[in-house]
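Observations on chain architecture
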Amino acid sequence: MWISSIACLVALTSFSNAASTFSPARPPAIPLAVRSPYLSTWLPAGRDAETSGELSAGVWPSYWTGDATAWTGFVRVDGRNYRWMGGADGDGATQVAFNYTSTQSIFTFHVGDAVELTATFLSPLYPNDFKRQSLVFSYLHVDVASLDGNTHDVQVYTDISAEWVSGDRTSKATWDYGTTGDVAFHKISKAAPVSFGESRDQAEWGNWYYATNAGDATTYQSGPDVDVRGAFTDDGKLKNSKDEDFRAINDRWPVFAFAVDLSSVDSSGSSALFSIGLCQEQAVQFSSRNGYGPSPALWKSYFEDDLAALSFFHGDFETELRDASTFDRKVADDSIRAGGEDYLTITSLTARQTFGATQLTGTEDKPYLFFKEISSNGNMQTVDVVFPFHPFLLYANPQLLKLTLEPHYEIQESGQYPNKYAMHDIGTHFPNGTGHSDGADEPMPLEECGNMIIMTLAYAQRADDNDYLGTHYDILKQWAEYLIEDSLYPAEQLSTDDFAGHLANQTNLALKGMVGLAAMSDIAARSGHDDDATRYLDTAKDYLAQWQDIGINKDATPTHTVLSYNDRESWGILYNLYADKELGLNFVPQTIYDQQSNFYPTVMREYGVPLDTRHTYTKNDWELWAAAVASDDTRGMFISNLAAWIDETPSNQPMTDLLETDTGAQPGLQFRARPVVGGAFALLIL
Ligand SMILES: *[C@@H]1O[C@H](CO)[C@@H](O)[C@H](O)[C@H]1NC(C)=O
Ligand SMILES: *[C@@H]1O[C@H](CO)[C@@H](O)[C@H](O)[C@H]1NC(C)=O
Ligand SMILES: *[C@@H]1O[C@H](CO)[C@@H](O)[C@H](O)[C@H]1NC(C)=O
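For clarity, every value in this text was computed on a predicted model and none was experimentally measured.

1. Digging into the overall build of the chain
Counting its regular elements, the chain contains 16 helices and 28 strands. In terms of overall dimensions, the chain is globule-like: its C-alpha atoms have a radius of gyration of 26 Å, near the 26 Å expected for 686 residues. Its C-alpha atoms put the chain at 80 × 75 × 40 Å along the principal axes. Taken over 686 residues, the chain has a buried fraction of 64%.

Structure representation (structure tokens):
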């Protein structure tokens, strides 16, 4: 008897050491400050040997690439110090809970038995308010309350390192400290900035800000990490001093710190607010109708300078928290209604990641939404990357889809692209949209022609903007002619799943072409081209009838589409079917939908249905596209297995869209942090 009580005690102890709950799941990486291609800091958190999912466990927050961007948090309670964030030495506070919503990551700690500390990382999403969305800033709100009924003497400390300003840790940084109104800030930059330059995917230009409320309770310091953190852990306050020795990021690691004295904290609690972000006046360059040149960051249309933007953002917290919570609730209500709690586990993890690849530029009259492909490569405005996530843009605000497609129309309509089919991207490396005047972009002719036509109609339908279709009719027609040529028997080419290789006669790609032609018929009808409308629909119907013969293995039980026409045993996820439903075309017969719904459960593995018979990996964006148009049971199967994967994957990278269906592992690092995960919103626009 006593033996088992000891065993029980041991079990309890180890349980309380790893007691954090994770709600709704423990994601592979937790978004901390994720708002743009360059403000993208995460906590590695997945189930591998290195990480526990706890912010206080001694792991550095890192850029999406995995390079550490040090961000440190200490709290001093009645003279005793605890770490709640980062890899610096010290006793860790005990994380008891982690929760995420679409815009917030919330960590709750017990600091000894004395106080509870809640750290809320809020990266707002403002799809309908471009002034607020244009700011590349994120909040950290720290709330401390007594746990034991007594009042406690509490100081909160936090710093960032110069790692945030360049991917080259040997490059020299420069910094300053100041106040503006009631905001105290550190400003940190690369000493020799390179406009539009990147190093290890980090921006090499612009000013970083770390800010809090100015006042008697706030002290600041910059200097070597050990000195600055030591000043706090010795005294509970900082020296109000600046390190004047500008030097390399990795030379005695300069850090930029604040300490906030909350003094007597009782059970009603007391809090401190920090803002972190990047101000770049020029955000991208691209080939517009008027030629190649810089495009200003959109925030410049609303704010005179960096400090005006910073003060507005820092002072706007109550509003932004309220609005973010409203957005979170909307995503939650819509997701639960469409696919249940498991579906919300997925959508709410992908929202910040998707928006976090984008950057608003231009002017109030003529804004653009640019994005970076991220990790697979640095391509800008890749058509088959916005295609999977365009349901999220339509859900959030259809205008955003138009602002994303606009640069493609500008370049191709002004004669800056020689091919007859649609261009793949507007530039090989973000933030330089240099175009492809030599026509030598990655060729995905059928894929991109279909995508442009489908997305353009999707925007026009939801924004009720048929004028847009008329404006771009000529080039849409040029792309549709390509679909007539190539859709029935697609030549050997790449589809968006280019990592899987070239293939001829791809059934799913062919279907995209046919749905694209049916969509073009609707575009023609909406823009007064009735003859074209008839011709495109007739061709599409003719092709689809033949496709139903050559693209389906009718001898299989259950029947299913094949991966490529002449390989009867092959199969793949028929995700392009989604566009037929999305656009309300009623073009593909229900029997095809039913057949695929019956088939997928027969090839389901632990975490998903493989993308196709060539590999065991899958793409979670395409799975959810397939789920969106499947029967209730099949949809539920896709969703629950993906939600389980989020919680169980051994990856600790920002969510990958490519995963092994048997192990849940991430094959390589080329598919992390990409915006395509926004394909998860596919159910929400049907
Ligand atoms: C976190 O989630 C749990 C479980 O759903 C809930 O009880 C708790 O109130 C949440 N905490 C916060 C801070 O949202
Ligand atoms: C973008 O172009 C600029 C020159 O205008 C160059 O200095 C910079 O390195 C380029 N950026 C990338 C990421 O290639
Ligand atoms: C595509 O399929 C058709 C019909 O089976 C066949 O005639 C043609 O050779 C195939 N194309 C290629 C490139 O394999």
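Next comes the rest of the account.
2. Quick word on the pairing of strand E20 (residues 282-288)
Counting buried residues along E20, six of its seven residues qualify, which places the element largely inside the surrounding structure. Pairing of E20 with strand E21 (residues 291-296) involves six bridges; the strand directions are antiparallel. Bridging from a neighbouring strand, serine 287 pairs with tyrosine 292 of E21. What sits between E20 and E21 in their antiparallel hairpin is a turn of two residues. The pairing of E20 with strand E24 (residues 432-433) spans two bridges and is parallel. In the sheet register, glutamine 285 faces E24, and the bridge partner there is asparagine 432.

3. Points about the packing of aromatic side chains
According to the stated counting rule, one finds 49 aromatic pairs in the structure shown. Aromatic side chains tryptophan 84 and phenylalanine 109 sit 6.5 Å apart centroid to centroid with 50° between the ring planes, which places their arrangement in the tilted category. Of this pair, tryptophan 84 sits in strand E6 (residues 80-85) while phenylalanine 109 sits in strand E8 (residues 104-111), and the two are 25 residues apart along the sequence. With respect to class, tryptophan 84 is no different from phenylalanine 109; both count as buried. Over the ring of phenylalanine 22 we find arginine 26; its NZ or CZ atom is 5.6 Å from the centre of that ring. Here lysine 581 stacks its cationic end above the ring of tyrosine 593, 4.1 Å away from the centre of that ring.

4. A closer look at the domain arrangement of the chain
In terms of domain boundaries, the chain breaks down into domain 1 (10-305) and domain 2 (340-685). Using C-alpha coordinates to define each centre, domain 1 is positioned 36 Å away from domain 2. Between domain 1 and domain 2, the contact holds 56 residues from the first and 56 residues from the second. Summed over both sides, the interface between domain 1 and domain 2 buries roughly 4600 Å², with carbon and sulfur atoms accounting for 58% of that surface. Area buried by domain 1 at its contact with domain 2 is led by Pro28, Trp64 and Arg289, which between them contribute 15% of it. Viewed at the interface, domain 2 and domain 1 are joined by four salt bridges. A salt bridge links arginine 289 to glutamate 413, with the nearest nitrogen and oxygen atoms 3.5 Å apart. Contributing elements (two or more residues each) for the side of domain 1 that touches domain 2: strand E2 (29-34), strand E3 (40-44), E8, helix H2 (130-133), E20 and E21. At six residues, E20 tops the list of elements feeding residues into the side of domain 1 that touches domain 2.

5. Describing the packing of helix H6 (residues 383-396) against helix H15 (residues 620-628)
Helix-helix packing: each pair is described by the crossing angle between the helix axes and the interaxial distance. Viewed as axis vectors pointing N to C, H6 and H15 meet at an angle of 55°, and their least axial separation amounts to 10 Å. Taken together, the axis directions place H6 and H15 in an arrangement best described as oblique. Between H6 and H15 lies a crossing whose hand is left-handed. Judged by residue contacts, Phe387, Pro388, His390 and Pro391 of H6 engage Asp621, Trp622 and Trp625 from H15. Here the residues of the contact of H6 with H15 sort into five nonpolar, one polar and one charged.

6. Topic: the UniProt feature "domain: Glutaminase A N-terminal" (unreviewed entry) in the chain
According to UniProt, the "domain: Glutaminase A N-terminal" (unreviewed entry) feature falls on residues 103-334. Helix makes up 19% of residues 103-334 and strand 45%, and the two end C-alpha atoms of the span are 15 Å apart.

7. Comments concerning the sheet that holds strand E9 (residues 115-122)
Taken in spatial order, the nine strands line up as E1-E7-E8-E9-E10-E19-E16-E13-E12 in an open sheet, and their pairing is mixed. Sheet topology places strand E1 (21-23) and strand E12 (173-180) at the edges, where each strand pairs with a single neighbour. Taken over all neighbouring pairs, the strand axes of this sheet differ in orientation by 15° on average, direction set aside. Where strand E7 (residues 94-100) lies against E8, six bridges are found, and the strand directions are antiparallel. When the sheet's bridge partners are listed, phenylalanine 98 is paired in E8 with phenylalanine 107.

8. What about the sheet that holds E2?
Taken in spatial order, the three strands make up an open sheet running E2-E3-E4, and their pairing is antiparallel. Among the strands making up the open sheet, the edge pair consists of E2 and strand E4 (62-63).

9. Thoughts on H15
Most of H15 is tucked away, with nine of its nine residues classed as buried. Among all positions of H15, only Asn620, Asp621, Trp622, Glu623, Leu624, Trp625, Ala626, Ala627 and Ala628 are buried.

10. Some thoughts on the site of ligand 1
Around ligand 1 sit Ser23, Asn99 and Ile106, and that is every residue in its neighbourhood. The side chain of serine 23 places a nitrogen or oxygen atom 3.3 Å from an oxygen atom of ligand 1. Side-chain polar atom of asparagine 99 to an oxygen atom of ligand 1: 2.2 Å apart, as the coordinates give it. Its free accessible area being 360 Å², ligand 1 has 34% of it covered by the protein chains.

11. Some points on the side chain of threonine 649
Position of threonine 649 among the secondary structure elements: in the loop between helix H16 (632-648) and strand E28 (658-660). Take threonine 649: its relative accessible area is 1%, and that puts it in the buried class. Here the side chain of threonine 649 touches glycine 664 through a polar contact of 2.7 Å, landing on its backbone oxygen. Not counting the four nearest positions on each side in its chain, threonine 649 is found in contact with Pro28, Gly46, Arg47 and Gly664.

12. Topic: the nonpolar core
Core analysis: the biggest nonpolar cluster contains 215 residues, and Trp71, Trp84 and Leu140 have the highest contact counts within it. Looking at which domains feed residues into this core, each of domain 1 (10-305) and domain 2 (340-685) gives three or more. In this structure, tryptophan 84 is in contact with Leu55, Ser56, Gly73, Phe74, Val75, Phe109, Leu117, Ala119, Leu140, Val142, Val156 and Tyr157, ignoring residues within four places of it in sequence. Residues Phe74, Ala231, Val255 and Ala257 belong to the second largest nonpolar core, which totals 10 residues.

13. Description of a negative patch on the surface
Taken together, the side chains of Asp78, Asp113, Asp148, Asp153 and Asp261 present a region of like negative charge at the surface. Along the chain, aspartate 153 falls in strand E11 (residues 152-161). Residue classification places aspartate 153 among the partly exposed residues on the basis of a relative accessible area of 38%.

14. Quick look at the packing of helix H5 (residues 317-355) against H6
Relative orientation of the contacting elements H5 and H6 amounts to 105°, with a least axis distance of 12 Å. Judged by the angle between their axes, H5 and H6 are roughly perpendicular. Residues Lys330, Val331, Asp334, Ala351, Thr354 and Phe355 of H5 form the contact with H6, whose participating residues are Phe389, Phe392, Tyr395 and Ala396. In terms of residue class, the contact of H5 with H6 is made up of seven nonpolar, one polar and two charged.

15. A closer look at the pattern of salt bridges
A full pass over the atoms with the stated rule returns 36 salt bridges. For the salt bridge of glutamate 204 with lysine 190, the shortest nitrogen-to-oxygen distance reads 2.8 Å. With glutamate 204 in the loop between strand E15 (202-203) and strand E16 (207-213) and lysine 190 in strand E13 (residues 183-190), this pair connects stretches of sequence that are 14 residues apart. Looking at glutamate 204, the relative accessible area reads 5%, which means it is buried. Judged by relative accessible area, which is 12%, lysine 190 ranks as buried. A salt bridge links aspartate 621 to lysine 619; the shortest N-O distance between them is 3.3 Å. Taking relative accessible area as the criterion, aspartate 621 reaches 1% and is therefore assigned buried. Exposure remark for lysine 619: the relative accessible area of 3% places this residue in the buried category. Each of the salt bridges in this network shares a partner with another, and the network as a whole consists of Asp243, Asp245, Arg247, Asp251 and Arg252.

Calculation notes
Residues numbered from 1 in each chain as written. Chains lettered and ligands numbered in written order. Predicted model: local features only at pLDDT ≥ 70, side-chain atom pairs only at ≥ 80, totals over all residues. Heavy atoms only, no water. Helix = DSSP H or I, 4+ residues; strand = E, 2+ residues; numbered from the N terminus. Rg over C-alpha atoms; globule rule 2.2 N^0.38 Å. Buried < 20%, exposed > 50% of the residue type's maximum accessible area, 1.4 Å probe, protein only. Pairing = 2+ DSSP bridges. Phe/Tyr/Trp six-rings, centres within 6.5 Å; stacked < 30°, edge-to-face > 60°. Lys NZ or Arg CZ within 6 Å of the ring centre and 35° of its normal. Domains from an automatic or database assignment. Contact = heavy atoms within 4.5 Å. Buried area = accessible area lost by both parts, 1.4 Å probe. Salt bridge = Lys/Arg side-chain N within 4 Å of Asp/Glu carboxyl O. Axes fitted to C-alpha atoms, helices over the stretch in contact; angles between N-to-C directions. Parallel < 35°, antiparallel > 145°, perpendicular 65-115°, else oblique. Left-handed = near helix turned anticlockwise from the far one by under 90°. Nonpolar A, V, L, I, M, F, W, Y, C, P; charged D, E, K, R; others polar. UniProt positions renumbered as here; feature names shortened; annotations may be inferred. Near = heavy atom within 4 Å. Polar contact = N/O pair within 3.5 Å; in protein donor to acceptor, adjacent residues only side chain to side chain. Areas by Shrake-Rupley, 256 points an atom, 1.4 Å probe, with all protein chains shown as cover. Core = buried A, V, L, I, M, F, W, Y, C linked by side-chain atoms within 4.5 Å. Patch = residues over 30% accessible without salt bridge, like charges linked within 9 Å, V, L, I, M, F, W, Y side chains within 5 Å. Lys, Arg positive; Asp, Glu negative; His and termini not counted. Charge placed at Lys NZ, Arg CZ, Asp CG, Glu CD.

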